[in-house]
Amino acid sequence: MQLLLPILSGLLMALSMPGASLGWLAFIGLVPLLLALRDKSPRESLKLGYIGGATFGLVLFYWIYALWEWISALAIPTHLLMAVYMGIFWAVFGWGYAHLRDRLPTWVLVAVAPALWVSLEYSRSLTIFGFPWGQVADALTIDSLLPFAQIAGYTGIWGASFLVVLINLLIYAVVAKRQYAYGVAVSAILVIAFIWGSHSLSPYESEAEEIEIAMLQPSIPQIERSKPENLYVSLGIYKTLLDKVVASGRELDLVVLPESALQAYVLDQSDLRDYFVT
């Protein structure tokens, strides 16, 4: 049972991410992990946090197998390494949380622990090894949760992550410690954040205008797109698609091409830029 709780947290948090998009799970996803960490030593909490984070990574990074044609069996160790790396940050949180839990009153802990989580997410995003996948705030990107994400306009993604982890801590205090005043705090924070966020969104919704967008899908396999010698073959495919867009006669506001569409930096090569300038 002790190991099942962090595994459950990893699964819930992964399901809250874009893809499955069960964003509401993020508000309760860390509660099983917090229950598992209750009364555990820092060393035990390190292990339990790692199990939760590795589980989260294993489920979250399923998309790496879409690159199988490109990297073949290397997808398997890559997937495992990414999960291992994610587990390290959850492990550090577990270790730090255990230290804080034994030294701080609950009302302070529910504020400091989210700050610890956010600091770890921030550190994970730094340097050339920046690893931004799986920030808990990503769960707020589904339409019904967008009001909660509006705090990011003032704090960046870190404030949104803080909010999600804070709600988890407050719910844990209600479930594990029977401190029902924190239940009132959860309700108040969610209601206030939703109303304020909805109000922040309303001017944009009322003033929104329809725009015409064309999305180009060239269906070029990843392995072919990665070969420099295929640059002008890929360019020819895009040119054909763009010609069809122009021939349609529709007045478009935006044309969207896939991520990493070409094996070159278009802005640095004038001959390539000419293909896209009309």
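Details of the structure are given in the entry above.
1. Structural notes on helix 6 (residues 106-124)
Next, step 1: Taking 1.5 Å as the rise per residue, helix 6 with 19 residues should run 27 Å; its terminal C-alpha atoms sit 27 Å apart, in good agreement.
Next, step 2: By the burial criterion, the buried members of helix 6 are T106, L109, V110, A113, P114, L116, W117, V118, L120, E121 and R124.

2. Considering a nonpolar patch on the surface
Next, step 1: Where nonpolar side chains cluster on the molecular surface, the patch consists of Y50, V84, Y85, I88 and V92 and spans about 370 Å² of accessible area.
Next, step 2: With four residues, the single largest contributor to the nonpolar patch is helix 5 (residues 75-101).

3. Remarks on the packing of helix 6 against helix 9 (residues 157-177)
Next, step 1: One can describe the packing of helix 6 onto helix 9 by two numbers: an axis separation of 8 Å at closest approach and a directional angle of 140°. Our classification of the angle between helix 6 and helix 9 gives oblique. Here helix 6 runs over helix 9; the crossing is right-handed. Across from T106, V110, A111, A113, P114, A115, W117, V118, E121 and Y122 in helix 6, the residues of helix 9 making contact are W158, S161, F162, V165, L166, L169, L170, A173 and K177.
Next, step 2: In terms of residue class, the contact of helix 6 with helix 9 is built from 15 nonpolar, two polar and two charged.

4. Looking at the pattern of salt bridges
Next, step 1: In the structure shown here, the tally under the stated rule is three salt bridges.
Next, step 2: A salt bridge links R101 to D102; the shortest N-O distance between them is 3.0 Å.
Next, step 3: Residue classification places R101 among the buried positions, given a relative accessible area of 14%.
Next, step 4: On the accessibility criterion, D102 (53% relative accessible area) is exposed.
Next, step 5: The salt bridge involving E212 is made with R250; its shortest N-O contact spans 2.7 Å. In this pair, E212 sits in the loop between helix 10 (181-206) and strand 1 (213-215) while R250 sits in the loop between helix 12 (231-247) and strand 2 (254-256), placing the two residues 38 residues apart along the sequence.
Next, step 6: With relative accessibility at 54%, the residue R250 sits in the exposed group.

What counts and what doesn't
- Residues numbered from 1 in each chain as written.
- Predicted model: local features only at pLDDT ≥ 70, side-chain atom pairs only at ≥ 80, totals over all residues.
- Heavy atoms only, no water.
- Helix = DSSP H or I, 4+ residues; strand = E, 2+ residues; numbered from the N terminus.
- Expected span 1.5 Å × (residues − 1).
- Buried < 20%, exposed > 50% of the residue type's maximum accessible area, 1.4 Å probe, protein only.
- Patch = residues over 30% accessible without salt bridge, like charges linked within 9 Å, V, L, I, M, F, W, Y side chains within 5 Å.
- Areas by Shrake-Rupley, 256 points an atom, 1.4 Å probe, with all protein chains shown as cover.
- Salt bridge = Lys/Arg side-chain N within 4 Å of Asp/Glu carboxyl O.
- Axes fitted to C-alpha atoms, helices over the stretch in contact; angles between N-to-C directions.
- Parallel < 35°, antiparallel > 145°, perpendicular 65-115°, else oblique.
- Left-handed = near helix turned anticlockwise from the far one by under 90°.
- Contact = heavy atoms within 4.5 Å.
- Nonpolar A, V, L, I, M, F, W, Y, C, P; charged D, E, K, R; others polar.

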